[in-house]
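Spelled out from the first residue to the last, the chains are:
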Amino acid sequence: MKVVSIIMDPPISERVEKAFDLISEIIRTDASVTVYLIGDGVYCGMRGMNLETIDSEHIQVFASKEDLEARGIQEDLLTKRVKCQYNLVEKMVVDIMESADRILCF
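All of the points below concern the structure found in this document.

Conventions we followed
- Residues numbered from 1 in each chain as written.
- Predicted model: local features only at pLDDT ≥ 70, side-chain atom pairs only at ≥ 80, totals over all residues.
- Heavy atoms only, no water.
- Pairing = 2+ DSSP bridges.
- Helix = DSSP H or I, 4+ residues; strand = E, 2+ residues; numbered from the N terminus.
- Axes fitted to C-alpha atoms, helices over the stretch in contact; angles between N-to-C directions.
- Contact = heavy atoms within 4.5 Å.
- Salt bridge = Lys/Arg side-chain N within 4 Å of Asp/Glu carboxyl O.
- Disulfide = S-S within 2.5 Å.
- Phe/Tyr/Trp six-rings, centres within 6.5 Å; stacked < 30°, edge-to-face > 60°.
- Lys NZ or Arg CZ within 6 Å of the ring centre and 35° of its normal.
- Expected span 1.5 Å × (residues − 1).
- Buried < 20%, exposed > 50% of the residue type's maximum accessible area, 1.4 Å probe, protein only.
- Arc of directions from axis to C-beta.

1. Considering the sheet that holds strand β2 (residues 32–37)
Here's step 1: The strand order across the open sheet built from five strands is β4-β3-β2-β1-β5, with neighbouring strands paired in parallel fashion. Strands with a single pairing partner mark the edges of an open sheet, and in this sheet they are β4 (82–85) and β5 (102–105). Here the strands of the sheet are splayed against their neighbours by 20° on average, with no regard to which way each runs.
Here's step 2: Examined bridge by bridge, strand β1 (residues 2–7) and β2 share six bridges and lie parallel to one another. The partner of Val-4 across the bridge, within β2, is Thr-34.
Here's step 3: Set on the sheet, helix α1 (residues 14–28) makes contact with β1, β2, β3 (59–64) and β5; between it and β1 the angle comes to about 165°.

Written as structure tokens, this is what we have:
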């Protein structure tokens, strides 16, 4: 099963805490999860934030380069798991349309 999760809220949000709990549970079922960090969600990719609680090879994480730049976040502040990309929304839409079995949006 392929799950796509879109995170748009900052890490201190209760919704984001629940999102990462849910993602952790989904990964335990051997499903693959792709997380797209957009808007204030890019803060979740920083070292010491929510994303570091998940340690699995079943997860891919992408952050919007435009949203990182808009918030003054340098790539070296992100965890190594996060891949930064311009035009991330286009990639996300293609991923959802072509391969996602489930979509979670927070």
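2. Considerations on the pattern of salt bridges
Here's step 1: Counted by the stated rule, this structure contains seven salt bridges.
Here's step 2: Across the pair Arg-15 and Asp-9 runs a salt bridge, and its minimum N-O distance is 2.8 Å.
Here's step 3: Across the salt bridge formed by Lys-65 and Glu-75, the nearest N and O atoms sit 1.9 Å from each other. Of this pair, Lys-65 sits in helix α2 (residues 65–70) while Glu-75 sits in the loop between α2 and β4, and the two are ten residues apart along the sequence.

3. Digging into the state of the cysteines
Here's step 1: All told, the structure shown has zero disulfides when counted by the stated rule.
Here's step 2: Cys-44 takes part in no disulfide bond, and the closest cysteine sulfur, belonging to Cys-105, lies 13 Å away.
Here's step 3: For Cys-84, which is in no disulfide, the shortest distance to another cysteine sulfur is to Cys-44 and amounts to 14 Å.

4. Some thoughts on the packing of aromatic side chains
Here's step 1: On inspection of all chains with the given rule, the structure shows one aromatic pair.
Here's step 2: Here Tyr-36 and Phe-62 contribute two aromatic rings whose centre-to-centre distance is 5.6 Å and whose plane-to-plane angle is 20°, an arrangement assigned as stacked. Remark: Phe-62 occurs in strand β3 and Tyr-36 occurs in strand β2; sequence separation between them is 26 residues.
Here's step 3: The cationic tip of Lys-91 hangs over the ring face of Phe-62; the distance from NZ or CZ to the ring centre is 4.4 Å.

5. Section: α1
Here's step 1: Taking 1.5 Å per residue, 15 residues should reach 21 Å; α1 reaches 22 Å between its end C-alpha atoms and fits that length.
Here's step 2: Of the residues making up α1, those classed as buried are Val-16, Ala-19, Phe-20, Ile-23, Ser-24, Ile-26 and Ile-27. An end-on view of α1 places all buried positions within 165° of arc, on one side of the element. Among the exposed residues of α1, those pointing more than 90 degrees away from its buried face are Glu-14, Lys-18, Asp-21 and Arg-28.

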